[in-house]
Structures are given as structure tokens and as C-alpha cells.
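# Architecture and fold: a report
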Amino acid sequence: MPEDLNVIPPGLKGNLVHYISGGEEGSLWKEYTNVRYYTNAFVVQGQKILLGHKKRGWGQEKYNGFGGKVDAGETSLEAAKRELKEEAGIDAPLEHAGILLFLTDGVDWAFHIDIYRADSYSGEVQESEEMKPEWFSTLPEGTDGLSSIPYSKMWETDECWLPLVIANKPFVGRADFVGDKDKSKPYKWWYGVLKDEEAFDV
Ligand SMILES: Nc1[nH]c(=O)nc2c1ncn2[C@H]1C[C@H](O)[C@@H](COP(=O)(O)OP(=O)(O)OP(=O)(O)O)O1
């Protein structure tokens, strides 16, 4: 029997409507006992988006937003601003744009990643030890000499939700991966948008 796409995966909250999902038919969501909090921030200016090419650690060589762990004693928004400054050298009026629950083999916790976006920034974009920032076009054909978003060099289901970040449509989703570290592949994912664009229920 085909899966009911309107069944919201465990761990996701809010008044959600199915947007996009996929994976292996009949596969099960991973069990987890704990949640750890992370951030990921994107600056979108007109038809340009700032991504970082990760130079070290897990996800090395992938393009991503700027972010990392939320430290003890700071809010998720404070962490997102700190990480954007550390990794790209800039300050931005970040706003909550989505939540991604990410599960993978080898750890028994879920990564709760708060996704942020801003339309503007101050300061000068600078390369850091962790990230090499690069502008891309948000249009599929590229613009102004910029290439289109390099989805083939990003985490695999980012293509499902990054267009929602760009369009300023709040989303909540989950992606479960199988396999070792950088060889891991998504086997099940589900993304929903907030009904009537209500506030996040975190
Ligand atoms: N865009 C993305 N799509 C996705 O599916 N999973 C992502 C993701 N960005 C990060 N993840 C997952 C994988 C990664 O190990 C975990 C945390 O990611 P980060 O790159 O933010 O962590 P780091 O270990 O680099 O943190 P810091 O050392 O604090 O910078 O969340």
C-alpha cells in the first residue's frame, strides 16, 4: 500500500502540509533518543545566494549555508549570527526560515538544524578556516556571470527545501541517511510547509 504522505514524520511539529517527500518504499524512520541543536544560515540578495564551500570536517567539499553547533548558554539565533560572522565574516538580520531534522548512522541523536535567512548583510564577505564563501545565482540558468546553485555538490535533499528558503516560505522537514559519514545517502525524507504560514512550533 502506498504511504500516506500526510502522515508527519516523528519529531516534526507544527501545522504542516506535505510539500515534497521520497525515498525507499516501506523504509522506517530511524529511532533516536536525543536531539542536538545546530544552525545553518543563507544570505539571499535579489537573484544571488551566498554559499560556503566547506574546507574541513564532516561535509568537507560540500557547499552549504554557514552554521554549526548551538553552544551552551546561547540561543539558536545568537549561534546562527555568531557562526555567520566566524565563517563568512559578515553580520546579517537573520530570520528563522525552516527546521531540518537530520539523522544518520553512527550517532543516536537527531540533528535539529534551525535554518535562517537574510536579505541583506553588513561587513565584507571573507574566507575563513572552515568555509570559502561564493555567490551563486538563484536562477536555474545562472545570471550575471554567476553559476546556478551547485545542488550536486550539496547535501542530497537540500534541493527539496533550499527553493523554499529562497522564496521565503517557512518549512519543516526530516531527512534520514544511511551509510558511513561522507558516503551516507538519504533513504527517506519528508518536507512540509506551514499551513497559513503560522509561526513555528519548536
Ligand atoms: N544542508 C544540510 N543538509 C543536510 O541534509 N544535513 C546537513 C546540512 N548541513 C549540515 N547537515 C548535517 C550534517 C552535519 O554533520 C550536521 C551538522 O552540520 P554542521 O556542518 O553545521 O556541523 P559542524 O560539525 O561543522 O559544526 P561546527 O563544528 O560547530 O561548525 O548536520
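The structure presented is a predicted model; accordingly, all values stated were derived computationally and were not measured.

Its 13 residues give helix α1 (residues 76-88) an end-to-end C-alpha distance of 18 Å, which sits within 8% of 18 Å, the value for a rise of 1.5 Å per residue. On its buried face, α1 is in contact with β2 (34-45), β5 (90-91), β7 (109-118) and β9 (131-137). Residue Gly89 follows α1 closely and has a positive phi angle near 80°.

What follows deals with the packing of aromatic side chains. By convention here, two paired aromatic rings are described through the distance between centres and the angle between planes. Considering all chains together, one arrives at 14 aromatic pairs under this definition. For the pair Phe102 and Trp155, a centre-to-centre distance of 5.2 Å together with 75° between the ring planes defines the contact as edge-to-face. Of this pair, Phe102 sits in strand β6 (residues 95-103) while Trp155 sits in the loop between β9 and α2 (158-166), placing them 53 residues apart in sequence. Residues Phe102 and Trp155 agree in their burial class; the two are buried.

Before going further, it helps to examine the UniProt feature "domain: Nudix hydrolase" (unreviewed entry) in the protein chain. This chain's UniProt record puts "domain: Nudix hydrolase" (unreviewed entry) on residues 34-178. Between the end C-alpha atoms of residues 34-178 the distance is 18 Å, and the span holds 15% helix and 41% strand.

With that settled, the discussion passes to unusual backbone geometry. You will see that Asp144, though not glycine, has its phi angle at about 45°, which is positive. Inspection of the secondary structure puts Asp144 in the loop between β9 and α2. Of the residues examined, Asp144 reaches a relative accessible area of 75% and is grouped as exposed. In the Ramachandran plot, Asn168 falls in the positive-phi region, its phi being about 65° despite a non-glycine side chain. Residue position: Asn168 is located in the loop between α2 and β10 (171-178).

The full count for this structure, using the stated rule, is 13 salt bridges. Here Arg174 and Asp176 are joined by a salt bridge, their closest N and O atoms 2.8 Å apart. Each member of the pair Arg174 and Asp176 is classed as buried.

Criteria and cut-off values
Residues numbered from 1 in each chain as written. Predicted model: local features only at pLDDT ≥ 70, side-chain atom pairs only at ≥ 80, totals over all residues. Heavy atoms only, no water. Helix = DSSP H or I, 4+ residues; strand = E, 2+ residues; numbered from the N terminus. Expected span 1.5 Å × (residues − 1). Contact = heavy atoms within 4.5 Å. Phe/Tyr/Trp six-rings, centres within 6.5 Å; stacked < 30°, edge-to-face > 60°. Buried < 20%, exposed > 50% of the residue type's maximum accessible area, 1.4 Å probe, protein only. UniProt positions renumbered as here; feature names shortened; annotations may be inferred. Salt bridge = Lys/Arg side-chain N within 4 Å of Asp/Glu carboxyl O.

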